[in-house]
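Now for the letters of each chain:
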Amino acid sequence: MNLSPPRGTRDFYPEDMRLRTWLFGHFREVARLFGFQEYDAPVVESAELYVRKAGEEIVDQLYTFQDKSNRDLALRPEMTPSLARMVLQKGGALGLPIKWFSLPQCWRYERMTRGRRREHFQWNLDIFGVTDVTAEAELLAALVTLFQRLGLGAGDIAIRLSNRRLLQAVLADAGVADTLFAPVCVLIDKLEKIPRETVEAELQNLGVDSGVIDRVLQVASCTSLHEAQGLVGSGDNGLDEIQRLMDLGAAYGFADWLRFDPSLVRGLAYYTGTVFEAFATRGELRAICGGGRYDRLLSTFGGKDVAACGFGFGDAVIVELLKDQGLLPDLPAAVDDVVFAFSEELREPAMQVTRSLRAAGRSVDLILEAGKRMKSAFRHADGAGAARLVLLAPEEWARGVVKVRDLVSGEEHEVTPEELAS
Ligand code: HAM
């Protein structure tokens, strides 16, 4: 039998789990600092929740199956549709706005590259019920706070920022019907990954003049808001929102992390306004996180639209980056005390000592195997990362004391069990 986990998935041995818990601790703490409430949903959802016809990669990557009642189900590839479903289900009973976060495991049948796998955990922060870019500003402030807590600065990370309304204005100008906006966005996003001729052919399949790409690429190559303004003119093109978001970023103190990048579209169909992705400024890693505004997702599920924006931040690329930068913490196993009974007669007293230490809030590893020698007790304490070794030996126990060895200083003392716990 092959003992590896399925390709693209991970086992988490205790040392891996310590790292994951450390990272999730930062995710949770930043969400708390920004007043986001945690929620969760099932990892298995109805497949129809993800059936969107815009040609997104994420739909082709779905893990789908039928249950024993022939229901078509899927492992969630992302959290946003579940969140939208939950918001719709509550309807007017939810007092908007809401700021919610989650840490779901997501499944995508991906082509594997460094930092991209078939399951990942994704920190999601979303805000529903705010139409203004103050919501995006709050999300970006949280994102930057997370980076800073991990030891990364504006020189290490760039947050590429654009607004889909810019592309929408270019497409409208070229006579592309509004109904084709989402699939055209998905195609344009592929320009970085597949040959231009393929994208052009697919645009033609949609009934869109392939020459539209020239205009899109011209706007995408702008390096400043001013230049973009010159090309598309004034009107509803999202540039004012980008400017305001940058101003809010300056007020909050994260403007130097932002880069206006009109070539950013993102590959998910539902975004309607601001889009952003964070990248490492050095190296070849893929996006660390991505998100944007999706004000019209709820109506695609048959509900009334509510303004929404958010982002997803995976656990894989960031760990690769922290590894490259030497920023991964050393996280050894750690318990406060290891308790060792020299003889089997002392096992019951050792259990009582252990119990009182635990009741006092100390983490204690009681050596369970019988007949161990002193040397192996030391080895055990070392492996457990213990601060102290507590020894119950017949002669000392008869005098009502135990031996405590401080494993850092090497000092040894005799104390009563009561003193030990206090
Ligand atoms: P996404 O860009 O598909 O957006 O994914 C967001 C982040 O999840 C990526 O930037 C990356 O960190 C991580 N990620 C995605 N796929 C993989 C993979 N195969 N392996 C490792 N990490 C991965 C979304 O999922 C949106 N639902 C985010 C969002 C939330 N938008 C609004 N709210």
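Computed from a predicted structure; not experimentally measured. (Residues numbered from 1 in each chain as written. Predicted model: local features only at pLDDT ≥ 70, side-chain atom pairs only at ≥ 80, totals over all residues. Heavy atoms only, no water.)

Describing the overall build of the protein
No. 1: Helix and strand counts for the protein stand at 16 helices and 17 strands.
No. 2: Along the longest, intermediate and shortest principal axes, the C-alpha atoms of the protein span 95 × 55 × 45 Å.
No. 3: Relative to its full complement of 422 residues, the protein shows a buried share of 49%.
No. 4: Restricting the contact set of the protein to residue pairs at least 6 apart, pairs at least 24 apart contribute 67%.
No. 5: Summed over its atoms, the accessible surface of the protein is roughly 20600 Å², and 50% of this surface lies on carbon and sulfur atoms.
No. 6: Put simply, the protein has 49 plus and 61 minus side-chain charges, and the middle of one group is 3 Å from the middle of the other. (Helix = DSSP H or I, 4+ residues; strand = E, 2+ residues; numbered from the N terminus. Buried < 20%, exposed > 50% of the residue type's maximum accessible area, 1.4 Å probe, protein only. Contact = heavy atoms within 4.5 Å. Areas by Shrake-Rupley, 256 points an atom, 1.4 Å probe, with all protein chains shown as cover. Lys, Arg positive; Asp, Glu negative; His and termini not counted. Charge placed at Lys NZ, Arg CZ, Asp CG, Glu CD.)

Brief notes about the pattern of salt bridges
No. 1: Considering all chains together, one arrives at 32 salt bridges under this definition.
No. 2: Residue arginine 10 pairs with glutamate 119 through a salt bridge whose shortest N-O separation is 2.9 Å. Of the two residues, arginine 10 sits in the segment before helix H1 (14-33) while glutamate 119 sits in strand E7 (residues 119-128), which places them 109 residues apart along the sequence.
No. 3: Accessibility expressed as a relative area gives 22% for arginine 10, which makes it partly exposed.
No. 4: On the basis of relative accessibility, which here comes to 1%, the residue glutamate 119 falls in the buried class.
No. 5: Among the salt bridges present, the one from arginine 293 reaches aspartate 295, with a minimum N-O distance of 2.9 Å.
No. 6: With relative accessibility at 3%, the residue arginine 293 sits in the buried group.
No. 7: Within the structure, one salt-bridge network assembled from shared partners comprises Arg114, Glu320, Lys323 and Asp324. (Salt bridge = Lys/Arg side-chain N within 4 Å of Asp/Glu carboxyl O.)

Here we look at the packing of aromatic side chains
No. 1: With the rule as written, the count across this model stands at 19 aromatic pairs.
No. 2: Centroid distance tryptophan 123 to phenylalanine 311: 5.5 Å. Interplanar angle 80°. Geometry classified as edge-to-face. Of this pair, tryptophan 123 sits in strand E7 while phenylalanine 311 sits in strand E12 (residues 308-314), placing them 188 residues apart in sequence.
No. 3: Ring geometry for phenylalanine 340 against phenylalanine 342: centres 5.5 Å apart, planes inclined by 55°, an arrangement best described as tilted.
No. 4: A relative accessible area of 2% places phenylalanine 340 in the buried class.
No. 5: Here a set of aromatic residues connected by ring pairs shows up, and it is made of Phe12, Phe24, Phe27, Phe121, Trp123, Phe147, Trp257, Phe276, Phe311 and Phe313.
No. 6: For the cation-ring pair, arginine 20 lies above phenylalanine 12, with the distance from its terminal atom to the ring centre recorded as 4.5 Å. (Phe/Tyr/Trp six-rings, centres within 6.5 Å; stacked < 30°, edge-to-face > 60°. Lys NZ or Arg CZ within 6 Å of the ring centre and 35° of its normal.)

Section: the site of the ligand
No. 1: Contacts to the ligand come from 25 residues, most closely from Glu78, Thr80, Arg117, Tyr271 and Ile288.
No. 2: The contact in question runs from a nitrogen atom of the ligand to an N or O atom on the side chain of glutamate 110, over 3.2 Å.
No. 3: Within the side chain of tyrosine 271, one N or O atom sits 2.7 Å away from a nitrogen atom of the ligand.
No. 4: Protein chains shield 96% of the accessible area of the ligand, which is 650 Å² for the free molecule. (Near = heavy atom within 4 Å. Polar contact = N/O pair within 3.5 Å; in protein donor to acceptor, adjacent residues only side chain to side chain.)

Observations regarding the pairing of strand E5 (residues 98-102)
No. 1: Across the 5 residues that make up E5, a large majority, 4, are buried.
No. 2: Here strand E1 (residues 37-38) pairs with E5 via 2 bridges, running parallel. Across the sheet, residue glutamate 38 finds its bridge partner in E5, namely phenylalanine 101.
No. 3: Pairing geometry for E5 and E7, over 5 bridges, is antiparallel. Bridge assignment links isoleucine 98 to a residue of E7, and that residue is phenylalanine 128. (Pairing = 2+ DSSP bridges.)

So, the sheet that holds strand E17 (residues 412-415)
No. 1: One open sheet accounts for 5 strands, arranged E14-E13-E15-E16-E17; its pairing is mixed. Across the chains shown, the open sheet's two edge strands, defined by having one partner strand only, are strand E14 (364-366) and E17. Averaged over all adjacent pairs, the angle separating strand axes in this sheet is 25°, with direction ignored.
No. 2: Inspection of the sheet shows strand E15 (residues 388-392) paired to strand E16 (residues 402-406) by 4 bridges, in the antiparallel sense. Among the inter-strand pairings, arginine 388 is bridged to a residue of E16, identified as aspartate 406.
No. 3: Against the sheet, helix H13 (residues 347-359) engages strand E13 (337-341), E14 and E15, with an angle of about 170° to E14. (Axes fitted to C-alpha atoms, helices over the stretch in contact; angles between N-to-C directions.)

Notes on the sheet that holds strand E2 (residues 44-46)
No. 1: Spatially, 3 strands are ordered E2-E4-E3 in an open sheet, and the strand pairing comes out antiparallel. Only two strands of the sheet have a single partner each, and these edge strands are E2 and strand E3 (63-66). Neighbour-to-neighbour, the strand axes of this sheet turn through a mean angle of 35°, independent of strand direction.
No. 2: Note: E2 against strand E4 (residues 72-75), 3 bridges, orientation antiparallel. Bridge pairing in E4 places valine 44 opposite leucine 75.

Some points on the side chain of aspartate 189
No. 1: Looking at the secondary structure, you find aspartate 189 in helix H6 (residues 181-189).
No. 2: Looking at aspartate 189, its side chain comes within polar contact range of the main-chain nitrogen of arginine 266, at 3.4 Å.
No. 3: Those residues in contact with aspartate 189 that lie beyond four places of it in its chain are Val265, Arg266 and Gly267.

As for H13
No. 1: Taking 1.5 Å per residue, 13 residues should reach 18 Å; H13 reaches 18 Å between its end C-alpha atoms and fits that length.
No. 2: Those residues of H13 that sit buried are Arg347, Pro349, Ala350, Val353, Thr354 and Leu357. Down the axis, H13 shows its buried residues gathered within 160° of arc, on one side only. H13 presents Glu348, Gln352, Arg355 and Ala359 as exposed residues on the side facing more than 90 degrees away from its buried surface.
No. 3: The inward-facing, buried residues of H13 contact E13, E14, E15, helix H15 (394-398) and helix H16 (417-421).
No. 4: Positive backbone phi, at 95°, marks glycine 361, one or two positions downstream of H13. (Expected span 1.5 Å × (residues − 1). Arc of directions from axis to C-beta.)

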